[in-house]
Amino acid sequence: MAWSIADVARMSGVTTRTLRHYDDIGLLPPAWTASNGHRYYEQSQLFRLQQILLMRELDVGLREIRAVLDSRADRAAVLREHHTRLLAERDRLGTLARTVARTLADLEENEEKDMTSINRPENLFEGFRPDPAMEAEARERWPEEYERSRQTLDTLTPETAEQWQREATARMVRLADLMTAGTPSDAPSVQTEIAAHYQDVCRFWTPNAEAYKSLAATYVDDPRFRADFDRVAPGLAEYQRAAMTVYAEAVLS
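Figured I'd write up the structure that's included with this text. All of these numbers come straight from a predicted model, not from anything done at the bench.

1. Here's the deal with the packing of helix α3 (residues 43-57) against helix α4 (residues 62-70)
Now for step 1: Direction vectors running N to C along α3 and α4 enclose 135°, while the axes themselves pass 10 Å from each other. Here α3 is positioned oblique relative to α4, judged by the angle of their axes. In this structure, α3 crosses over α4, and the sense of that crossing is right-handed. Of the residues in α4, those touching α3 at Arg48, Gln51, Ile52, Met55 and Arg56 are Leu62, Ile65, Val68, Leu69 and Asp70.
Now for step 2: Considering only residue class, the contact of α3 with α4 consists of 6 nonpolar, 1 polar and 3 charged.

2. Considerations on the pattern of salt bridges
Now for step 1: Counted by the stated rule, this structure contains 9 salt bridges.
Now for step 2: Note that Lys213 is salt-bridged to Glu249, the shortest N-O span being 3.7 Å. On the criterion of sequence distance, the pair formed by Lys213 in helix α10 (residues 209-221) and Glu249 in helix α12 (residues 236-252) is long-range, its members being 36 residues apart.
Now for step 3: On the accessibility criterion, Glu249 (47% relative accessible area) is partly exposed.
Now for step 4: Measuring nitrogen to oxygen at the nearest pair gives 2.0 Å for the salt bridge that ties Glu238 to Arg226. Residue Glu238 is located in helix α12, and its partner Arg226 is located in helix α11 (residues 223-232); the two are separated by 12 residues in the primary sequence.
Now for step 5: Each of Arg48, Arg66 and Asp70 takes part in one network of salt bridges that share partners.

3. Brief notes about the packing of helix α1 (residues 5-12) against helix α2 (residues 16-24)
Now for step 1: Taken N-terminus to C-terminus, the directions of α1 and α2 make an angle of 115°; their axes are 9 Å apart at the nearest point. The angle between α1 and α2 places the two elements in the roughly perpendicular class. Taken as a pair, α1 and α2 cross one another with a handedness that is right-handed. Contacts between α1 and α2 pair Ile5, Ala6, Val8 and Ala9 from the former with Thr16, Leu19 and Arg20 from the latter.
Now for step 2: Per-class residue counts for the contact of α1 with α2 are 5 nonpolar, 1 polar and 1 charged.

4. Brief notes about the side chain of Thr218
Now for step 1: Mapped onto the secondary structure, Thr218 falls in helix α10.
Now for step 2: A distance of 2.9 Å separates the side chain of Thr218 from the backbone oxygen of Ser214, its partner in a polar contact.

5. Thoughts on the sheet that holds strand β1 (residues 3-4)
Now for step 1: Taken in spatial order, the 3 strands line up as β1-β3-β2 in an open sheet, and their pairing is antiparallel. Here the strands that pair on one side only, and so sit at the sheet edges, are β1 and β2 (32-33).
Now for step 2: Of the strand pairs in this sheet, β2 and strand β3 (residues 39-41) are connected by 2 bridges, and their pairing is antiparallel. Across the sheet, residue Trp32 finds its bridge partner in β3, namely Tyr40.

6. A closer look at α10
Now for step 1: With 13 residues, α10 extends 18 Å between its outermost C-alpha atoms, agreeing within 8% with the 18 Å of an ideal straight helix rising 1.5 Å per residue.
Now for step 2: Among the residues making up α10, those that are buried are Ala209, Tyr212, Leu215, Ala216, Thr218, Tyr219 and Val220.

7. A few points about the packing of aromatic side chains
Now for step 1: Inspection of every chain in the model, using the stated rule, returns 6 aromatic pairs.
Now for step 2: Between Tyr198 and Tyr247, the ring centres sit 5.6 Å apart and the planes meet at 40°, which makes this aromatic pair tilted. With a gap of 49 residues between them, Tyr198 in helix α9 (residues 188-201) and Tyr247 in helix α12 connect regions that are remote in the sequence. The exposure classification of Tyr198 matches that of Tyr247, with both residues buried.
Now for step 3: When the centroid spacing of 4.8 Å and the interplanar angle of 45° are considered together, the rings of Tyr219 and Phe229 count as tilted. Taken together, the positions of Tyr219 in helix α10 and Phe229 in helix α11 put the pair 10 residues apart, joining distant regions of the chain. Side by side, Tyr219 and Phe229 carry an identical accessibility label, which is buried.
Now for step 4: Cluster of aromatic residues (ring-pair linked, three or more members): Tyr198, Tyr212 and Tyr247.

8. What about the nonpolar core?
Now for step 1: If you look at the biggest cluster of nonpolar residues, it comprises 29 residues, and the most contacted ones within it are Leu175, Val190, Ile194, Tyr212, Leu236, Tyr239 and Met244.
Now for step 2: Those elements that provide at least two residues to this core are α8 (158-180), α9, α10, α11 and α12.
Now for step 3: Broken down by element, this core gets its largest block of residues, 7 residues, from α12.
Now for step 4: If you look at the next biggest cluster of nonpolar residues, it comprises 17 residues, including Trp3, Ile5, Tyr22 and Leu58.

Rules used in this analysis
Residues numbered from 1 in each chain as written. Predicted model: local features only at pLDDT ≥ 70, side-chain atom pairs only at ≥ 80, totals over all residues. Heavy atoms only, no water. Axes fitted to C-alpha atoms, helices over the stretch in contact; angles between N-to-C directions. Helix = DSSP H or I, 4+ residues; strand = E, 2+ residues; numbered from the N terminus. Parallel < 35°, antiparallel > 145°, perpendicular 65-115°, else oblique. Left-handed = near helix turned anticlockwise from the far one by under 90°. Contact = heavy atoms within 4.5 Å. Nonpolar A, V, L, I, M, F, W, Y, C, P; charged D, E, K, R; others polar. Salt bridge = Lys/Arg side-chain N within 4 Å of Asp/Glu carboxyl O. Buried < 20%, exposed > 50% of the residue type's maximum accessible area, 1.4 Å probe, protein only. Polar contact = N/O pair within 3.5 Å; in protein donor to acceptor, adjacent residues only side chain to side chain. Pairing = 2+ DSSP bridges. Expected span 1.5 Å × (residues − 1). Phe/Tyr/Trp six-rings, centres within 6.5 Å; stacked < 30°, edge-to-face > 60°. Core = buried A, V, L, I, M, F, W, Y, C linked by side-chain atoms within 4.5 Å.

Laid out in structure tokens, this is it:
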């Protein structure tokens, strides 16, 4: 039995344009093409498309997907690996759901509560994962630093990574409290937090003064980074940029 490209698009939710692209790059050729140019797919192509979509859900690139599928690896073994990763993603989404429920409970308990004073503020961000678009941009702008960062991240255990995330979030909240209190960005208490931030960055790459100031500017200029800071406190991105600039000029220059 064979299905037309329109049938496959309807069943899978993948556009016909994408299916044609997959054919063009050799990722998913149709079983055969009619004399009028219409593509037709059989059961083996549907299984292959399912595996493609599974790996896309796990943010695997098209080149890597083709390498896996063309390696003729045991299909059951590949699916078991996908299943394991999907279970991990299910657990992450469960954590994210608990994060939202916990924040909602806090808000309903006291609608006037200041978000920067919530008990264990690092819990606000449990379950979030990096924006793929931001990762792709970092890979393009700073390829060597990105690769070193990925190598460092790969060595972290889930427990260590969670602890690092908690510490980084707690530091953002402490800076937000200092900002709210009107503490100047060059004050010793602020610079202590920035020094800790710099050391945290150095776990992945070691920026000089100009690179550190460029990173600070990115926190403000890139709306995605800015939104992360503004979730903690409006204006925090600008405050951290000013504090990081002071640190870069005083310590790194």
